[in-house]
Amino acid sequence: MAKRDFLAISDFTADEVYATLERAHRLKAGEDPRRPLAGKTLAMIFLKSSTRTRVSFEVAALQLGGHALFLSARDIQLGRGEPIADTARVLSRYVDAILFRGFDHADAEALARHASVPVINGLTDLLHPCQVLADCMAVQESFGRDLSGIVVAWIGDGNNVANAWLDGASRFGYEIRLACPEGYEPAREILERAKTRARVHFMRTPAEAVEGAHVVATDVWASMGQEAEAEKRRVAFQGHYVDTRLMERARPDAIFLHCLPAHRGEEVAPDVIDGPRSRVWDEAENRLHVQKALLIALLKENAD
Ligand code: CP
Ligand code: NVA
């Protein structure tokens, strides 16, 4: 059977993404105690910092009976210039899957192209698909399994998380409304692809975007790798701020999501992220469950 990668939500069909979340719900409920990764190793390459992705994947592999290896750029030859292709070929001789967190999405694609084992995108500058799978699980926990009637409002940067929400819309079927400052829109190729397959709307203001929304989501103004632009971005993103007044425009049962880490007082008010509508801790927990489901899906021959 040909190996599968997970670099984007749209690498899976709608049936596959919904089935992955179904399995994640079962795992969260403790209903699937098998150890399908027994004897399997996940290599985890991190070129950027991480708390949630690193820990949740490591724990996921362990709880499924497998093992995870944390490989930071500082420690492996990739960080000293060994080609991605060679790294992919060599790791494929040792491990059963590779998780990659890096900068250029083309690096993740090159890794996947040259690896003979599944490659999972643990965040690139373009996409953060594992995050949005976990986010969709949190949305299901509030509004039910079928996401086709859901309206998601994205406030702020058209970054990797925004792109993943857009990419996910074509599979989960939710509507997405974006309020991004001018010049900080999502990646053109993701946007164009999403627009042909999903309900995508650009709104002039955050207030318009959240009107009647089920989900209000945001992220930091400057992502990893954009530290030098932080000051410029702080000016550009004024007004793209999720506070209780903005949340009041959404549905009365609307939830707030943020992938974390968050900057309280910048993109989100403390009383929103720490308030009753926030689901950020469930969202973070769900990373563990969806990634276990994802590992099982990708290494399926051992799971069924
Ligand atoms: N949300 C997320 O991916 O967090 P980390 O950067 O801590 O992995
Ligand atoms: N957009 C953020 C997400 C962090 C999980 C970043 O790329 O830094």
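What you see is a predicted model, and the numbers here were worked out from it, not measured in a lab.

(A) Layout of helix 4 (residues 105–114). The set of residues buried in helix 4 consists of His105, Ala108, Ala110, Leu111 and Ala112. The inward-facing, buried residues of helix 4 contact strand 1 (41–46), helix 3 (84–94), strand 3 (97–101) and strand 4 (119–121). If you check the start of helix 4, you find a side-chain oxygen 3.0 Å away from the backbone N of Ala106, and it comes from Asp104.

(B) Spatial organisation of the pairing of strand 9 (residues 255–258). Residues Ile255 and Leu257 point to one face of strand 9 and Phe256 and His258 to the other, with burial holding for every one of them. Two strands pair when backbone bridges link them, and strand 8 (residues 215–218) and strand 9 are joined in this way by four bridges, in the parallel orientation. In the sheet register, Ala217 faces strand 9, and the bridge partner there is Leu257.

(C) Broad picture of the sheet that holds strand 9. Spatially, the five strands line up as an open sheet ordered 7-6-5-8-9, and their pairing is parallel. The outermost strands of the open sheet, each flanked by one partner alone, are strand 7 (200–202) and strand 9. Along the sheet, successive strands turn relative to each other by an average axial angle of 20 degrees, direction set aside.

(D) How the structure looks around helix 1 (residues 14–28). Given a rise of 1.5 Å per residue, 15 residues ought to cover 21 Å, and the 21 Å separating the end C-alpha atoms of helix 1 matches this to within 8%. Burial in helix 1 covers these residues: Val17, Thr20, Leu21, Arg23, Ala24, His25 and Leu27. If you follow the buried residues of helix 1, they end up packed against helix 5 (129–143), helix 6 (160–172) and helix 12 (280–298).

(E) The site of ligand 2, seen in detail. Neighbouring ligand 2 are Leu123, His128, Asn159, Asn160, Asp219, Ser223, Met224, Cys259 and Leu260. Take Ser223: an N or O atom from its side chain is 2.7 Å from a nitrogen atom of ligand 2. Burial of ligand 2 by the surrounding chains reaches 94%, relative to a free accessible area of 270 Å². Comparing atom positions with the cavity grids shows ligand 2 to sit within the largest pocket. Grouping the constituent residues of the shell around ligand 2 by class yields four nonpolar, four polar and one charged.

(F) Geometry of the site of ligand 1. In the vicinity of ligand 1, the residues found are Ser50, Thr51, Arg52, Thr53, Arg101, His128, Gln131, Cys259, Leu260 and Arg287. Within the backbone of Thr51, a nitrogen or oxygen atom sits 2.7 Å from an oxygen atom of ligand 1. At 2.7 Å from an oxygen atom of ligand 1 is found a side-chain nitrogen or oxygen belonging to Thr53. Within the complex, 96% of the 260 Å² of free accessible area of ligand 1 lies under protein. The cavity that encloses ligand 1 is the largest pocket. Looking at the shell around ligand 1 residue by residue, the classes come out as two nonpolar, five polar and three charged.

(G) Structural context of the sheet that holds strand 3. Ordered by their spatial adjacency, four strands build an open sheet running 2-1-3-4, and the pairing between neighbours is parallel. The sheet is open, and its two edges are formed by strand 2 (67–72) and strand 4, each paired on a single side. For this sheet, the mean inter-axis angle between neighbouring strands, taken without regard to orientation, is 20 degrees. Taken together, the three bridges between strand 3 and strand 4 define a ladder with parallel strand orientation. Bridging from a neighbouring strand, Ile98 pairs with Val119 of strand 4.

Parameters and conventions
- Residues numbered from 1 in each chain as written.
- Chains lettered and ligands numbered in written order.
- Predicted model: local features only at pLDDT ≥ 70, side-chain atom pairs only at ≥ 80, totals over all residues.
- Heavy atoms only, no water.
- Buried < 20%, exposed > 50% of the residue type's maximum accessible area, 1.4 Å probe, protein only.
- Helix = DSSP H or I, 4+ residues; strand = E, 2+ residues; numbered from the N terminus.
- Contact = heavy atoms within 4.5 Å.
- Polar contact = N/O pair within 3.5 Å; in protein donor to acceptor, adjacent residues only side chain to side chain.
- Pairing = 2+ DSSP bridges.
- Axes fitted to C-alpha atoms, helices over the stretch in contact; angles between N-to-C directions.
- Expected span 1.5 Å × (residues − 1).
- Near = heavy atom within 4 Å.
- Areas by Shrake-Rupley, 256 points an atom, 1.4 Å probe, with all protein chains shown as cover.
- 1 Å grid on protein atoms, 1.4 Å probe; cavity = no way out; pocket = protein on both sides within 12 Å on 5 of 7 lines; lining within 4 Å.
- Sits in = over half its atoms within 2 Å of the grid points.
- Nonpolar A, V, L, I, M, F, W, Y, C, P; charged D, E, K, R; others polar.

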